[in-house]
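Residue strings, one per chain:
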Amino acid sequence: MSNPRSLFTIQSPTNASFSSHFTLKNPSKSHKQPFPPKLVSYRKLTFRVHCSSQPSRTPQNSNLISTLIKILRVVPDWADKIQEGGMRKKRSLYKHETWVQHRSSLSPQPYQLTAPALALLLVFRTEASYSRFEAGKKAWTKVIAGTNDFARQVIACVDKRDDMLKEALLHYIMAFPIALKCHIVYDSDIASDLKNLVEADDLAVILSSKHRPRCIIGFISQSLQSLNLEGAILSQLESKISCFHEGIGICEQLLGIPIPLSYTRLTSRFLVLWHLTLPIILWDDCHWIVVPATFISAASLFCIEEVGVLIEEPFPMLALDELCQRVHDNIQEAMANEKQIQEILNSKRKRRFSEHSPNGWPTS
């Protein structure tokens, strides 16, 4: 008797099938069969499971996706159209004149070789300009921080007996960033900027000086010498003037030593020559599309080169007027708060002294 089997198959969307087989044991040979053996037919049961795993799409999402696909397909479709147009062009047998024209046609290989050199020129030019911009920003950050610190120490260290000279010294300190800004920015009116900070006699001396920031440093040094200060405090305050000299040196170096002119001219001339001859190379493949293509390429690369030219001189690109005004406001606020803080501390000292007896014991 043959072994009967039952076969069950489940078909899923992933074409995975699961089968289970059950086999009956053969009877023993000593057992007699009362009936003749019968043919056993096999039946295959199949179960199919259909499921839908696709999320439902709203009409708005479908329109957005189709629009993005159309936009992304513009350039590949345009390139395929040009390629198909070249493939459909009728071919003809070459003659001697055709071979001469074929050998003398312009090759795009020089442009493929010079494009990396042009990119490196633009990158180095822009990077050099940005490094100058970063140096100018750091120099002015040190000047502003040094001015605020110098004014704070003057307010804390100078005694009340020199109030007039102390106030004049603080005005000189506030005038230094303005004088440095007018020194490095073209067409600045230093007279109108300093008329509310220094007196008329001091302003006349500053305007008659050839180097106005150093003239203000001279006023600051002479004012420090005139104060009744201890030697350690005086040397500590005079050391703060070094940040002013450092700021002047960095700003004058950035202003007086630009990027070499030959490098700038090489970059601009290379760009002009490259874009003047670009339409000749692209005409056979692009035809009239070469006009907008050349315009877009020239506009992009010349704008990058112009950015490097603009930030090469960093000081007109920085908000120096607002920085100077912020320093002025900070020092004025510190001067106004000094009197209030001193009054509060004096009242606390008097209250604590009144709460204790002369021998140091509290009066209970």
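Residues numbered from 1 in each chain as written. Predicted model: local features only at pLDDT ≥ 70, side-chain atom pairs only at ≥ 80, totals over all residues. Heavy atoms only, no water.

This paragraph deals with the overall build of the protein. Broken down by element type, the protein carries 13 helices and three strands. The buried share of the protein, reckoned over its 364 residues, is 25%. For the protein, long-range pairs separated by at least 24 residues make up 70% of all intrachain contacts whose partners lie at least 6 apart in sequence. (Helix = DSSP H or I, 4+ residues; strand = E, 2+ residues; numbered from the N terminus. Buried < 20%, exposed > 50% of the residue type's maximum accessible area, 1.4 Å probe, protein only. Contact = heavy atoms within 4.5 Å.)

Among the nonpolar cores identified, the biggest contains 52 residues, and Trp140, Phe150, Ile173, Leu194, Ile220 and Leu224 are the most heavily contacted of them. For this core, the secondary structure elements donating two or more residues are α4 (109-157), α5 (163-184), α6 (190-194), α7 (200-208), α8 (212-226), α9 (231-239), α10 (242-256) and α13 (320-355). Ranked by residue count, the leading element in this core is α5, at 12 residues. When near neighbours in sequence (up to four residues on either side) are disregarded, Phe150 contacts Ile173, Ile220, Leu224, Leu237, Lys240, Ile241 and Phe244. (Core = buried A, V, L, I, M, F, W, Y, C linked by side-chain atoms within 4.5 Å.)

All right, on to the side chain of Glu338 then. Structurally, the position occupied by Glu338 is in helix α13. By relative accessible area, which is 16% here, Glu338 ends up buried.

This brings us to a nonpolar patch on the surface. A cluster of nonpolar side chains, namely Leu64, Leu68 and Ile71, defines an oily patch on the protein surface of about 300 Å² accessible area. Within the secondary structure, Leu64 is located in helix α1 (residues 59-72). Here Leu64 falls in the exposed class, since its relative accessible area comes to 52%. (Patch = residues over 30% accessible without salt bridge, like charges linked within 9 Å, V, L, I, M, F, W, Y side chains within 5 Å. Areas by Shrake-Rupley, 256 points an atom, 1.4 Å probe, with all protein chains shown as cover. Salt bridge = Lys/Arg side-chain N within 4 Å of Asp/Glu carboxyl O.)

Following the criterion strictly, the structure yields four aromatic pairs and no others. Ring centres 4.2 Å apart and planes at 20° place the aromatic pair Phe176 and Phe244 in the stacked group. Within this pair, whereas Phe176 is found in helix α5, its partner Phe244 is found in helix α10, the two being separated by 68 residues in sequence. Each member of the pair, Phe176 as well as Phe244, is classed as buried. (Phe/Tyr/Trp six-rings, centres within 6.5 Å; stacked < 30°, edge-to-face > 60°.)

Further remarks concern the side chain of Asp202. Relative to the helices and strands, Asp202 resides in helix α7. Within the buried core, Asp202 has no salt-bridge partner, and the shortest N-O distance to an opposite charge, that of Arg212, equals 14 Å. Among the polar contacts made by the side chain of Asp202, one reaches the side chain of Tyr172 at a distance of 2.7 Å. The contacts of Asp202, once residues within four sequence positions are left out, are Tyr172 and Phe219. (Lys, Arg positive; Asp, Glu negative; His and termini not counted. Polar contact = N/O pair within 3.5 Å; in protein donor to acceptor, adjacent residues only side chain to side chain.)

This part takes up unusual backbone geometry. The phi angle at Asp187 is positive, at roughly 60°, despite the residue not being glycine. Residue placement: Asp187 occurs in the loop between α5 and α6.

Another point: the pattern of salt bridges. Oppositely charged side chains can form a pair if their charged atoms are brought close together. Under the defined criterion, the tally for this structure stands at eight salt bridges. The residue Lys137 makes a salt bridge to Glu134 at a minimum N-O spacing of 3.5 Å. Highlighted residues: Lys137 and Glu134, both in helix α4, separated by three residues, approximately one helical turn. Residue Lys137 is classed as partly exposed on the basis of its relative accessible area, which comes to 34%. Salt-bridge contacts for Lys181 lead to Asp321; the nearest nitrogen and oxygen are separated by 2.8 Å. Placement of the pair is Lys181 in helix α5 and Asp321 in helix α13, with a sequence separation of 140 residues. What makes Lys181 buried here is its relative accessible area of 8%.

Running from amino to carboxyl end, α8 crosses α10 at an angle of 175°, the nearest separation of the two axes being 11 Å. Taken together, the axes of α8 and α10 are roughly antiparallel relative to one another. Residues Pro213, Arg214, Ile217 and Ile220 of α8 pack against Phe244, His245, Ile248 and Glu252 of α10. A breakdown of the residues in the contact of α8 with α10 according to their chemical character gives five nonpolar, one polar and two charged. (Axes fitted to C-alpha atoms, helices over the stretch in contact; angles between N-to-C directions. Parallel < 35°, antiparallel > 145°, perpendicular 65-115°, else oblique. Nonpolar A, V, L, I, M, F, W, Y, C, P; charged D, E, K, R; others polar.)

Turning our attention to the packing of α5 against α10. At a closest axis distance of 11 Å, the pairing of α5 and α10 adopts a crossing angle of 15°. Between α5 and α10, the angle falls in the class roughly parallel. Of the two elements, α5 crosses α10, and the hand of that crossing is right-handed. From α5, Phe176, Leu180, His183 and Ile184 reach across to α10, where they touch Phe244, Ile248, Cys251, Glu252 and Leu255. Tallied by class, residues from the contact of α5 with α10 come to seven nonpolar, one polar and one charged. (Left-handed = near helix turned anticlockwise from the far one by under 90°.)

This paragraph deals with the confidence of the model for the protein. On average, residues of the protein score 78 in pLDDT, and 76% of them reach the 70 mark or higher. For the protein, per-element mean pLDDT is lowest for strand β1 (residues 7-11), which scores 41, and highest for α10, which scores 92. Within the model, the stretch residues 1-42 combines pLDDT values under 50 with 46 contacts to residues more than four positions away or in other chains. Scored below 50 in pLDDT, residues 49-55 shows five contacts in the model against residues more than four places distant or in partner chains. (pLDDT = per-residue confidence, 0-100.)

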